[in-house]
Amino acid sequence: MSTPPRVAVLTRPAGRNEALAGRLTDAGWSACMLPALEIHPLDVAAADLPRPADFDMVVFVSGNAGKQYLDQLARVDGQSAWPAEVIAATVGPASAQGLRESAGFGMNTTVLHPGDDAPSHDSEALWDVLCGLSRLPPRVLLVRGTQGRDWLSDRLEAHGVAVTRHAAYQRCPANWDAAQLAVLRHWADSGVSATWLITSGEGADAVRAHLDAAGLASWWERCHFVLTHPSLARRVPSGCHGAASPAMVKICLPNDESIFQAFVAA
């Protein structure tokens, strides 16, 4: 009897899956790049765009937040240097590296973030870093999408920080065409339990909605999952379809190496 194929469905936005797909393919997986969400930049009038110079620290909740905000600044003000006295902060090393590689970010810009050895790369881990400062910056700009967790901004405000929230982009469910759905349906009919990469609650909801509409909800219940935050466990099936055992779930950090190792261990 032949061994069922190992199928990885990578749902991060377009442009974020290629390197990981290549590594998984080399390791014997069939990698399907199927973004759950599309990132749409938001236009903002010059008068409504908060400038970094008006704050003591700018927090980016993701790499997308950094890219889209810097693009907004460039469209409105042209390419200009980041104010040297303004701290930048983000939730992990990958997002921090993206900021440092951006035009306008000088070598002397302070970028705070959880380290590679942090137990997680999220708002809670960044809060631990900020608590190590001699004092919290009094004025903070928090750059995010139109939806997201308020945990960090609420925590900052509870400690007396004046927080301005700014949405730099919108995440919308991606459109899956008939050919993409046909591939998923083939795997479902063949009894293949795919392993899905889920990196956000909105992404999980979008995937579920697509599969429900396609009549593949029962297959989703039988699939396995690699999640980049423990909170996402409640957004995927809690048990295997028709069985009492829990669904196979791996939790890992949101970087390619950790995700790859989680798939290999799945």
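Along each chain, the written sequence defines residue order, and numbers are assigned to residues from 1. Totals for whole chains, interfaces and linings use every residue, but because this is a predicted model, local features are given only for residues with pLDDT of at least 70 and side-chain atom pairs only at 80 or more, for both listing and counting. Heavy atoms from the whole structure form the basis of all side-chain values; hydrogens and water molecules are not counted.

Caption draft 1: How the structure looks around the pattern of salt bridges. One side-chain nitrogen of Lys or Arg within 4 Å of one carboxyl oxygen of Asp or Glu is enough to make a salt bridge. Using the criterion set out here, one finds 11 salt bridges in the structure. In this structure, Lys67 and Asp71 form a salt bridge, with 3.0 Å as the shortest nitrogen-oxygen distance. A residue pair is termed a helical-turn pair when its members lie 3 or 4 positions apart in one helix, as Lys67 and Asp71 do in helix α2 (residues 63-77) at four residues. We note a salt bridge from Arg208 to Asp205, for which the minimum N-O separation is 3.1 Å. Taken together, the residues span about one helical turn, with Arg208 and Asp205 both in helix α7 (residues 201-213) at a distance of three residues. Residue burial is assigned from relative accessible area. The probe radius is 1.4 Å, only protein chains are included, and a residue is buried under 20% of its type maximum, exposed over 50%, and partly exposed in between. Residue Asp205 is classed as partly exposed on the basis of its relative accessible area of 32%. Among the charged side chains, a network of salt bridges with common partners joins Asp154, Glu157 and Arg165. Labels follow the DSSP assignment, with helices taken as runs of H or I lasting at least four residues and strands as runs of E lasting at least two, numbered in each case from the N terminus.

Caption draft 2: A look at helix α6 (residues 178-189). The first and last C-alpha atoms of α6 sit 16 Å apart over 12 residues, in line with the 16 Å expected at 1.5 Å per residue. By the burial criterion, the buried members of α6 are Leu181, Leu184, Trp187 and Ala188. Angular distribution of buried residues about the axis of α6 spans 120°; they occupy a single face of the element. Among the exposed residues of α6, those pointing more than 90 degrees away from its buried face are Ala178, Ala179 and Asp189. Every helix has an expected span of 1.5 Å times one less than the residues it contains. Note: the arc covers the axis-to-C-beta directions of the helix.

Caption draft 3: Representation of the UniProt feature "domain: Tetrapyrrole biosynthesis uroporphyrinogen III synthase" (unreviewed entry) in the chain within the structure. UniProt positions are given in the numbering used here, feature names are shortened, and annotations may be inferred rather than shown by experiment. On the UniProt side, "domain: Tetrapyrrole biosynthesis uroporphyrinogen III synthase" (unreviewed entry) is annotated at positions that read residues 19-235 here. Secondary structure content for residues 19-235 is 36% helix and 21% strand, while the C-alpha to C-alpha distance between its ends is 26 Å.

Caption draft 4: Representation of the packing of aromatic side chains. Here a pair means two rings of Phe, Tyr or Trp (six-membered ring of Trp) with centres within 6.5 Å. Their orientation is stacked below 30 degrees between planes, edge-to-face above 60, and tilted elsewhere. As enumerated under the stated definition, the model contains eight aromatic pairs in all. Centre to centre, the rings of Trp29 and Phe263 are 5.4 Å apart; their planes meet at 85°, and the pair counts as edge-to-face. Of the two residues, Trp29 is situated in the loop between α1 (18-26) and β2 (30-33) and Phe263 in helix α9 (residues 256-265); the sequence distance between them amounts to 234 residues. Among the aromatic residues, those joined into a ring-pair cluster are Trp176, Trp196, Trp219, Trp220 and Phe225.

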